Amino acid sequence: HKRCGVFECMSPARRAVLARSLAVLTLPQGLLPRARAAEFTTTAGGARRSSGDGDPHRLAVPELAPGSRRLYLCRHGETDWNVAGRVQGMTDIPLNPNGRSQAAALAAILADVPIGLVASSALGRASSTADAVAAQHPGARRLVDASFNEMNFGSLEGEELRGGSPRREEYEARLAEWEAGRTSVRLPGGGESPEEVAARALKGLRELGALPPFAAAAGGAGVPSCPRHVCLVAHGRFNKILLAALRGDVSRASQVAQGNTAVNIVDIDEGGACTVVAVNLLDHLRAAAQPPA
């Protein structure tokens, strides 16, 4: 589990509780288009950076089951506000030089994956990261959709939340409310709630055709059909909420770690059963520092 990054910075007791709860979860009715609920299991160590020939610059994952879709949910590269610890939210901050290098490393690790669609948030830091991935897949469709934008942090945007900042205490109070199950509570100053973010995230995936039924709905995002392998580049808090929503409990979002250009892999079958293959994979950043074999 440590490799997947979900349990980073947790106490041993909390790790044990989460490990038991993530073994098998059930999606509530209505989260997926099908009427029935679906199991959601976590497969630790299901993905690794090395392929069978030992090349650390390639991503090796289990074979995708017939009829399923695979979602490569990624976070954008680093920005100057990430370095400074400032809340970005809907503020459109570009990648910094290190972030562009991270995007290139992400694109390299996904180069051999048969991605047929590269989607992203409309914010530049995610869109630029996705463009780097798409450059390795010239045959893939490219889609930009504001449904995948970062959470609106309201009046917290631009604030530094490190140390003893009063705004940090305000934000941590909101996190505590969400973790207690009050996920409809919004961030101050016109911000969003986790439930609102989850709703638009799942709606966006449905319109892509990445959630069953796998044929895209008429009048959706303009995608006639959904390939089996989809890459979505979005944002830290957005990804946490989406992964928690797929688990069936948005209140667990803060338990998911998401580094810059993190790769999360989720397999979704025709009945709506979701299997987590990987969470918060960052090995490509270390592999980028090594010369290719």
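Structure: see above.
Described in the following lines is the structure provided in the data block.

1. Thoughts on the overall build of the chain
- When helices and strands are counted, the chain shows eight helices and eight strands.
- Taken over 293 residues, the chain has a buried fraction of 55%.
- A fraction of 66% describes how many contacts in the chain between residues 6 or more apart in sequence connect residues 24 or more apart.
- Of the accessible surface of the chain, which amounts to about 12,100 Å², a share of 52% is contributed by carbon and sulfur atoms.

2. A look at the environment of Ala65
- In this fold, Ala65 is placed in the loop between strand E2 (39-42) and strand E3 (69-75).
- Residues Ala65 and Ile268, spaced 203 residues apart in sequence, show a C-alpha to C-alpha distance of 9.4 Å.

3. Some points on helix H5 (residues 166-179)
- In a regular helix each residue adds 1.5 Å, so 14 residues correspond to 20 Å; H5 covers 20 Å between its end C-alpha atoms and thus fits that length.
- Arg167, Tyr171, Arg174, Leu175 and Trp178 are the residues of H5 that are buried. Angularly, the buried residues of H5 cover 100° about the axis, an arc narrow enough to put them on a single face. More than 90 degrees from the buried face of H5, the exposed residues found are Pro166 and Glu169.
- Packed against the buried residues of H5 are helix H6 (194-208) and helix H7 (236-247).
- Note on H5: the residue one or two positions beyond its end, Gly181, has a positive phi of about 100°.

4. Notes on the pairing of strand E5 (residues 141-144)
- Pairing of strand E4 (residues 117-120) with E5, which is carried by four bridges, proceeds in the parallel orientation. Counterpart to Ser120 in the pairing with E5 is Val144.
- Following the chain from E4 across helix H4 (residues 124-135) to the adjacent parallel E5, one finds a crossover that is right-handed.

5. Section: the nonpolar core
- Ranked by size, the top nonpolar core spans 43 residues in total, and within it Tyr171, Leu205, Leu208, Leu232, Phe238 and Leu242 carry the most contacts.
- Elements supplying a minimum of two residues to this core: E3, E4, H5, H6, strand E6 (229-234), H7, strand E7 (263-268) and strand E8 (274-281).
- Counting residues in hydrophobic clusters, the runner-up holds 22 residues, among them Ile115, Val133, Ala134 and Ile265.

6. Quick word on helix H3 (residues 97-109)
- Here H3 contains 13 residues, and its C-alpha end-to-end distance of 19 Å stays within 8% of the 18 Å for a straight helix at 1.5 Å per residue.
- Gly99, Gln102, Ala103, Ala105, Leu106, Ala107 and Ile109 are the residues of H3 that are buried.
- Of the surrounding elements, those touching the buried residues of H3 are E3, H4, E7 and helix H8 (283-287).

7. What about unusual backbone geometry?
- Of note, the phi angle at Thr261 is positive, near 60°, even though the residue is not glycine.
- Mapping Thr261 onto the fold places it in the loop between H7 and E7.
- Look at Thr261 and you get buried, because its relative accessible area is 0%.
- Unusually for a residue other than glycine, Asn280 sits at a positive phi of about 60°.
- Examined against the element boundaries, Asn280 turns out to sit in strand E8.
- By relative accessible area, which is 5% here, Asn280 ends up buried.

8. Brief notes about the packing of H6 against H7
- One can describe the packing of H6 onto H7 by two numbers: an axis separation of 9 Å at closest approach and a directional angle of 75°. Classed by the angle they form, the pair H6 and H7 counts as roughly perpendicular. Of the residues in H7, those touching H6 at Pro194, Val197, Ala198, Arg200, Ala201, Leu202 and Leu205 are Phe238, Ile241, Leu242, Ala245 and Leu246.
- Its residues assigned to classes, the contact of H6 with H7 comprises eleven nonpolar, no polar and one charged.

9. Here we look at the pattern of salt bridges
- Per the counting criterion, the structure on display carries eleven salt bridges.
- Residue Arg252 pairs with Asp249 through a salt bridge whose shortest N-O separation is 3.3 Å.
- Residue classification places Arg252 among the buried positions, given a relative accessible area of 17%.
- Overlapping salt bridges bring together Glu159, Arg167 and Glu170 as one network.

10. Considerations on the packing of aromatic side chains
- Under the counting rule described, the total for this entry stands at three aromatic pairs.
- The interplanar angle of 55° and the centroid separation of 5.9 Å between the aromatic rings of Phe153 and Tyr171 together place this pair among those described as tilted. Placement of Phe153 in the loop between E5 and H5 and of Tyr171 in helix H5 is noted, with a sequence separation of 18 residues between them.
- Aromatic pair Tyr171 and Trp178: ring centres 6.5 Å apart, planes at 80°, arrangement edge-to-face. Here the two residues Tyr171 and Trp178 agree in accessibility, since each one is buried.

About the thresholds
Residues numbered from 1 in each chain as written. Predicted model: local features only at pLDDT ≥ 70, side-chain atom pairs only at ≥ 80, totals over all residues. Heavy atoms only, no water. Helix = DSSP H or I, 4+ residues; strand = E, 2+ residues; numbered from the N terminus. Buried < 20%, exposed > 50% of the residue type's maximum accessible area, 1.4 Å probe, protein only. Contact = heavy atoms within 4.5 Å. Areas by Shrake-Rupley, 256 points an atom, 1.4 Å probe, with all protein chains shown as cover. Expected span 1.5 Å × (residues − 1). Arc of directions from axis to C-beta. Pairing = 2+ DSSP bridges. Right-handed = clockwise from strand over helix to strand, strands pointing away. Core = buried A, V, L, I, M, F, W, Y, C linked by side-chain atoms within 4.5 Å. Axes fitted to C-alpha atoms, helices over the stretch in contact; angles between N-to-C directions. Parallel < 35°, antiparallel > 145°, perpendicular 65-115°, else oblique. Nonpolar A, V, L, I, M, F, W, Y, C, P; charged D, E, K, R; others polar. Salt bridge = Lys/Arg side-chain N within 4 Å of Asp/Glu carboxyl O. Phe/Tyr/Trp six-rings, centres within 6.5 Å; stacked < 30°, edge-to-face > 60°.

Keep in mind these values describe shape, not function.
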